[in-house]
Amino acid sequence: MAQTSTPAVGAASASGKLMPAPEGKPRKVPRVVVLGGGTVGLYSARRLRKRLGKRDAAIVVVDPRPYMTYAPFLPEAAAGSIDPRNVVAPHRRALKGIDVLQGHVTQIEHANRRVQITPVEGEPYWVTYDHLVVGLGSVARTLPIPGLAEQGIGFKNVEEAIALRNHVLGRIDVASSTWDPELRKKMLTFVFVGGGFAGIEALAEIEDMARYAVQHYRQIEQEELRFVLVEGSPRILPEVSEELGGYTLEQLRKRNIEIFLSTFLNSCVDGHIVLSNGTEFDAETVVWTAGVKANPVLKDSDLPLDRMGRVIANEYLQVTDENGTVVADAYAAGDCAAVPDLFNPGKTCPPNAQHALRQGNHIGDNLAVVLRSGQPTPYKHKNVGAVASLGMYKGVAQMFGRIKVRGFLAWVLHRTYHVFAMPTVNRKIRIMAGWTGALLLRREVVALGSLHDPRAEFRAAAVPPKPKVEQTSQETAPTDGAKPTESLPPYKAEEGSPAAKADAHAEKK
């Protein structure tokens, strides 16, 4: 969109609020625009505000969501172990003294020091800046697999975690009143694609929740639940040692989870699963956790990118070109940035919460130093380990590359590490209170499927009834001298409803 058709946001007031200003009017306070309100964006903005007052820098965070999602807790949120509201940090509370703009970043023109923002409603507009922090994160890396777009469920944000929980519990509810054995089998088959941390934790937590829920259904046996993992590589959990990966594989198989390694999903049209090894079956649930890619909006920018679409950065988290020349006033970190790993020469930092959190804080420190005419410091972080939850009281952990922990202690380490990494004391307390309540009370396994379309019942009630179908004299003429009666339209149960399944079952009999 041309600049003349959109307003530019001008200087900041002394209070830090954005105020319109004429084009070209110099700012008294340098403005730092942070793209993305995720882990990198939230922590970098908070650290910068802690280091600099409102008269030293005006900070603006741009994100389409009004909160940051702490991704490592998504599996537990999906399983009902944590209230989904507690795995997010509201920007308005967590970013005190910082302006927050809710909208999508649709264009970046660093040469002109401006970004285009498209709000949920209204026309796009431009925001100018003096310094830029890119923390746009990643999106699901999908493949052109037939049926995936229609059948697949992602697992990148809290909305998808809630939807998956409601979907799985909803399928169990419906299956308990379904008599068709093939349809019932399809409903109770759950496929997870991707054997990394996200996929394994999601699978293990959801399977643990589903088996607990089935205990309350007299119509469903534990053996009817079928969980399938599809992984393209020859092993799972590449982030930990082969020993721990093998242990995890063994534990999942003991729970009757079917695991296909070195196998790919070829098709899932209408829920018919076709794997690369020739296996075919039906499933109503396909969860896609097979990797991520840098936010595609970066392609609509003049920032230098590597072959994977990530912003190129140096060890100071400054944006550089392919030759290592620093791009002035631009910083990048997190999943969308290629940051060199100084402890593993030749490699970049892996896209996980551990690095994103520390890189965010480091950008805040470096930028504060630069704004005070100091010298930035290199980002160095040695991996402290990896922890994964495999359901209630089960987990695996590898600490400092050598210490391997399994079972209950690993599960405790997982919860302890991540609750302290969760931003804001408010959320830490709420999460720990929820865990305490879950230990004393039973886990909730109620599906709130109507959350995804709360107006469905109202729309159905508001639709006027269809006019009665008039019959011809030949159709209504009595054959035995009786008085003709008014004919009603034939009843047809809604497709997919329990009544429809019951009718189908009766017809088969």
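Read on for an overview of the structure. None of these values were measured; they are calculated from a predicted model.

**With respect to the packing of helix α1 (residues 39–51) against helix α9 (residues 353–371)**
When two helices pack together, their arrangement is given by the angle between the helix axes and by the axis-to-axis distance.
(1) Moving on: Viewed as axis vectors pointing N to C, α1 and α9 meet at an angle of 35°, and their least axial separation amounts to 7 Å. As for the relative orientation of α1 and α9, their crossing is right-handed in sense. On α9, the residues touching Thr39, Val40, Tyr43, Ser44, Arg47, Leu48 and Arg51 of α1 are Ala356, Leu357, Gly360, Asn361, Ile363, Gly364, Asp365, Leu367 and Ala368.
(2) Moving on: Class assignment for the residues of the contact of α1 with α9 results in eight nonpolar, five polar and three charged.

**Overview of helix α10 (residues 408–421)**
(1) Moving on: Between its first and last C-alpha atoms α10 spans 20 Å; for 14 residues at 1.5 Å apiece the expected length is 20 Å, and the two agree.
(2) Moving on: Three or more residues of α10 are buried, namely Ala410, Trp411, His414, Arg415, His418, Val419 and Ala421. Buried positions in α10, seen along its axis, are confined to an arc of 160° and lie on one side of it. In α10, those exposed residues whose orientation departs by more than 90 degrees from the buried face are Leu409 and Phe420.

**Looking at the layout of surface pockets**
(1) Moving on: Reported here for the second largest pocket is a volume of approximately 490 Å³.
(2) Moving on: Among the elements of the structure, α5 (158–175) and α11 (425–440) are those that each provide at least two residues to the lining of the second largest pocket.
(3) Moving on: Per-element accounting of the lining of the second largest pocket gives the leading share, six residues, to α11.
(4) Moving on: The residue inventory of the lining of the second largest pocket, partitioned by class, reads 12 nonpolar, six polar and six charged.

**Side note on the sheet that holds strand β14 (residues 226–230)**
(1) Moving on: One open sheet accounts for five strands, arranged β12-β19-β13-β14-β15; its pairing is parallel. Both outer strands of the open sheet, β12 (152–153) and β15 (257–260), are each paired with one neighbouring strand and no more.
(2) Moving on: Pairing of strand β13 (residues 189–193) with β14, which is carried by five bridges, proceeds in the parallel orientation. Bridge pairing in β14 links Thr189 to Arg226.
(3) Moving on: Lying over the sheet, α5 contacts β12, β13 and β19 (285–288), oriented at roughly 160° with respect to β19.

**A word on the environment of Ala283**
(1) Moving on: Mapping Ala283 onto the fold places it in the loop between β18 (280–282) and β19.
(2) Moving on: The spacing of Ala283 and Leu183 is 100 residues in sequence and 9.2 Å in space, taken between C-alpha atoms.
(3) Moving on: Once you skip the residues sitting within four places of it in the chain, Ala283 turns out to touch Lys186, Thr189, Val191, Gly271 and Ile273.

**Considering the packing of aromatic side chains**
(1) Moving on: Counted according to the given criterion, the structure contains six aromatic pairs.
(2) Moving on: On the basis of an interplanar angle of 80° and a centroid distance of 5.9 Å, the ring pair of Phe73 and Trp435 is categorised as edge-to-face. Here the residue Phe73 occupies a position in the loop between β4 (67–69) and α2 (74–79), and Trp435 occupies one in helix α11, the gap between them amounting to 362 residues. With respect to class, Phe73 is no different from Trp435; both count as buried.
(3) Moving on: One aromatic cluster is present, formed by Tyr70, Phe73 and Trp435 through successive ring pairs.
(4) Moving on: Above the face of the Trp126 ring, Arg114 is positioned so that its terminal group lies 3.6 Å from the ring centre.
(5) Moving on: It is Arg406 that lies over the ring of Tyr247; its NZ or CZ is 4.8 Å from the centre.

Cut-offs used in this document
Within every chain, residues take consecutive numbers counted from 1 along the sequence as written. It should be noted that, the model being predicted, local features are given only for residues of pLDDT at least 70 and side-chain atom pairs only at 80 or more, the latter also being counted only at that level, while totals for whole chains, interfaces and linings use all residues. The side-chain values count all of the structure's non-hydrogen atoms but skip hydrogen atoms and water molecules. Axis definition: a line fit to C-alpha positions, over the contact stretch in the case of helices; interaxial angles, taken between N-to-C directions, run 0 to 180 degrees. Segments assigned H or I by DSSP are reported as helices when at least four residues long, segments assigned E as strands when at least two residues long, and all are numbered from the N terminus. For any helix crossing, the convention is left-handed if the near helix is rotated counterclockwise from the far helix by under a right angle, and right-handed if that rotation is clockwise. Pairs of residues are marked as contacts when any of their non-hydrogen atoms sit within 4.5 Å. Three classes are used: nonpolar for Ala, Val, Leu, Ile, Met, Phe, Trp, Tyr, Cys and Pro, charged for Asp, Glu, Lys and Arg, and polar for all others, with Gly counted as polar. Expected span of a helix, by definition, is 1.5 Å for each gap between consecutive residues, and there is one gap fewer than residues. Using a 1.4 Å probe on the protein chains alone, a residue whose accessible area is under 20% of its type maximum counts as buried, one over 50% counts as exposed, and one in between counts as partly exposed. Think of it as the arc spanned by the lines of direction from the helix axis to the C-beta atoms. The distinction between a cavity and a pocket rests on a 1 Å grid over the protein atoms alone: a 1.4 Å probe fits inside a cavity but cannot get out, while a pocket stays open yet meets protein on both sides within 12 Å along at least five of seven lines, and a residue with an atom within 4 Å of a point counts as lining. Grid points are joined across faces, edges and corners, and a volume is the space filled by probe spheres set on the points. Strands qualify as paired when DSSP identifies two bridges or more between them. For this analysis, a ring pair means two rings from Phe, Tyr or Trp (six-membered ring only for Trp) whose centres lie within 6.5 Å, classed as stacked if their planes differ by under 30 degrees, edge-to-face if by over 60, and tilted for the remaining angles. Charges are assigned to positions over rings by a cutoff of 6 Å between ring centre and Lys NZ or Arg CZ, combined with an angular limit of 35 degrees from the ring normal.

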